[in-house]
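# Survey of secondary and tertiary structure
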Amino acid sequence: MNRTLILLFHPDITKSRANAALAAAARQLPDTEVIDMQARYPGGQVGMFTDGAAEAEMLLGASRIVLQFPIQWYSSPALLKAWQDAVLTRMYYVKASTEGARLAGTPLMIAATAGNVAEAYGPGGQNHYTISEIMTPLKAMAHRCGLPWHAPHILFAAGHLSDGALADAAAHYVTALKRFAAWAPAPVAVSPSILQNEGV
């Protein structure tokens, strides 16, 4: 198995230029599957027990996982948080030994679009905080779940790109995905905390 699973969390991909272009480019890669999560859950609700088993099976069938989304108000879209609450809580707290422990070690990459230019993200910029700081909750999630963290792929000024620049960005995304697919992180030891059922 050598499969890249890209979970696309965009509130309405039909109104997107940047994320739609990136997803279309990714779909051309072999052994790569792009799932439109908003189309999968149009009401924005993900059930731990009604949907969790199918989501867990999908994750466990992947060699690596990409979470793709637009950064909105310095965070990820609401559906991604709902998905984390339902699926990861199930996998790491309810069924830790049979699901969470099996997912641990699966590499994770974030592919995000940002509306502002790169210079805006930092102490001297309009947004003050760096992209790395904004990604802290997701890095903490990856650490807790034992998912090796790959450097994120960020597309800046995503809503202001010309057609040519967007085509270049899509090509860069394909290159980033190929590098991610070739990445061999150090093995992750499953800590006792991953197997601990802390209740929900």
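If you're wondering where the values come from, they're calculated on a predicted model, not measured in any experiment.

## Let's talk about the overall build of the protein
Scanning the protein from N- to C-terminus turns up 9 helices and 5 strands. Reading the secondary structure of the protein in the N-to-C direction produces β-α-β-α-α-β-α-α-β-α-α-β-α-α. Overall size of the protein, expressed as C-alpha extent along the three principal axes, is 50 × 40 × 40 Å. Taken across its 200 residues, the protein has 50% of its residues classed as buried.

## Observations regarding the packing of helix α4 (residues 78–94) against helix α5 (residues 96–103)
Running from N to C, α4 and α5 point in directions that differ by 110°, and their axes come no closer than 6 Å. In this view, α4 runs roughly perpendicular relative to α5, as classed from their interaxial angle. Listed contacts from α5 to Arg90, Met91, Tyr92, Tyr93 and Val94 of α4 are Ala96, Glu99, Gly100 and Leu103. For the contact of α4 with α5, the class distribution of residues is 6 nonpolar, 1 polar and 2 charged.

## Structural notes on helix α7 (residues 136–145)
Residues Leu138, Met141, Ala142 and Cys145 constitute the buried set of α7. Buried residues in α7, looked at end-on, bunch into an arc of 95°, giving them a common side. Just downstream of α7 lies Gly146, where phi reads positive at about 70°.

## Overview of unusual backbone geometry
Negative phi values dominate among residues other than glycine, just as trans dominates among peptide bonds. Although it is not a glycine, Tyr74 adopts a positive phi angle of roughly 65°. Locating Tyr74 in the fold gives a position in the loop between β3 (64–70) and α4. Phi at His128 takes a positive value of approximately 70°, unusual for a residue other than glycine. On the secondary structure map, His128 appears in the loop between β4 (108–113) and α6 (131–134).

## Digging into the pattern of salt bridges
Within the structure shown, the criterion is met by 6 salt bridges. A salt bridge links Arg3 to Glu33, with the nearest nitrogen and oxygen atoms 2.3 Å apart. Taken together, the residues span a long stretch of sequence, with Arg3 in the segment before β1 (4–8) and Glu33 in strand β2 (residues 32–36) at a distance of 30 residues.

## Some words on the pairing of β1
Within β1, 5 of the 5 residues are buried, leaving the element largely enclosed by the surrounding structure. Every second residue of β1 is oriented toward a common face, with Thr4, Ile6 and Leu8 on one face and Leu5 and Leu7 on the other, all of them buried. In this structure, β1 lies alongside β2, joined through 5 bridges in parallel fashion. Paired with Leu8 across the bridge in β2 is Asp36. In this fold, the crossover linking β1 to β2 by way of helix α1 (residues 18–26) has right-handed handedness. Both β1 and β3 contribute to a ladder of 5 bridges, which runs parallel. Pairing of Thr4 across the sheet is with Arg64, part of β3.

What counts, and where the lines are drawn
- Residues numbered from 1 in each chain as written.
- Predicted model: local features only at pLDDT ≥ 70, side-chain atom pairs only at ≥ 80, totals over all residues.
- Heavy atoms only, no water.
- Helix = DSSP H or I, 4+ residues; strand = E, 2+ residues; numbered from the N terminus.
- Buried < 20%, exposed > 50% of the residue type's maximum accessible area, 1.4 Å probe, protein only.
- Axes fitted to C-alpha atoms, helices over the stretch in contact; angles between N-to-C directions.
- Parallel < 35°, antiparallel > 145°, perpendicular 65-115°, else oblique.
- Contact = heavy atoms within 4.5 Å.
- Nonpolar A, V, L, I, M, F, W, Y, C, P; charged D, E, K, R; others polar.
- Arc of directions from axis to C-beta.
- Salt bridge = Lys/Arg side-chain N within 4 Å of Asp/Glu carboxyl O.
- Pairing = 2+ DSSP bridges.
- Right-handed = clockwise from strand over helix to strand, strands pointing away.

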